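Listed here are the chains, written in short residue letters.
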Amino acid sequence: QVQLAESGGALVQPGGSLRLSCVASGGTFSAYAAGWYRQAPGKERELVASIGRYGTANYAGSVRGRFTISRVYDKNTVYLHMNSLKPGDTAVYYCHLVGAGIDYWGQGTQVTVSL
């Protein structure tokens, strides 16, 4: 049993930065891969970034070079550092943990990039 607590979403101007965090409680954090997804109104949920059990990261082309996913094992936390934000990054961002027999989603946190 795993619960995810997300935070960090906000209204930010284009070019600004945010850090999203996802704190996992329960389960064995190091056994799970993690990812950040986002969903804008009227669009499908898409994978933004993922990180494996040993820290290997992958990114969607639209965010590569601007976003960084990381995990801190002793804090049971996954971060998404978001730089050079664009209006197209506006979406609800969801944390996801997956592993053998588990598939957990956070509640989502709103990121709005606008003047």
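Below or above, wherever it landed, is the structure these notes cover. Because the structure is a prediction, the values reported are computed rather than measured.

1. Digging into the side chain of Glu6
Part 1 of the argument: If you trace the backbone, Glu6 turns up in strand E1 (residues 3-7).
Part 2 of the argument: Comment: no salt bridge for buried Glu6; closest opposite-charge side chain is Arg45, at 8.3 Å.
Part 3 of the argument: There is a polar contact of 3.1 Å between the side chain of Glu6 and the backbone nitrogen of Gln107.

2. Describing unusual backbone geometry
Part 1 of the argument: Its identity as a non-glycine residue notwithstanding, Asn76 has a phi of 50 degrees, on the positive side.
Part 2 of the argument: In this fold, Asn76 is placed in the loop between strand E7 (67-72) and strand E8 (77-82).
Part 3 of the argument: In this structure Asn76 comes out as partly exposed when scored by relative accessible area, which is 28%.
Part 4 of the argument: Here Ser84, not a glycine, exhibits a phi torsion of approximately 50 degrees, which is positive.
Part 5 of the argument: Residue placement: Ser84 occurs in the loop between E8 and strand E9 (91-99).
Part 6 of the argument: Take Ser84: its relative accessible area is 41%, and that puts it in the partly exposed class.

3. Structural notes on the pairing of strand E4 (residues 33-39)
Part 1 of the argument: Within E4, five of the seven residues are buried, which leaves it mostly tucked inside the rest of the structure.
Part 2 of the argument: Here E4 pairs with E9 via seven bridges, running antiparallel. Note on E9: the bridge partner recorded for Ala33 is Val98.
Part 3 of the argument: Across five bridges, the pairing between E4 and strand E5 (residues 46-51) is antiparallel. Of the residues in E5, the one forming a bridge with Trp36 is Ala49.
Part 4 of the argument: Taken together, E4 and the strand that follows it, E5, pair antiparallel across an intervening segment of six residues, in which Gly42 is found at a positive phi of about 75 degrees.

Rules behind the numbers
- Residues numbered from 1 in each chain as written.
- Predicted model: local features only at pLDDT ≥ 70, side-chain atom pairs only at ≥ 80, totals over all residues.
- Heavy atoms only, no water.
- Helix = DSSP H or I, 4+ residues; strand = E, 2+ residues; numbered from the N terminus.
- Buried < 20%, exposed > 50% of the residue type's maximum accessible area, 1.4 Å probe, protein only.
- Lys, Arg positive; Asp, Glu negative; His and termini not counted.
- Salt bridge = Lys/Arg side-chain N within 4 Å of Asp/Glu carboxyl O.
- Polar contact = N/O pair within 3.5 Å; in protein donor to acceptor, adjacent residues only side chain to side chain.
- Pairing = 2+ DSSP bridges.

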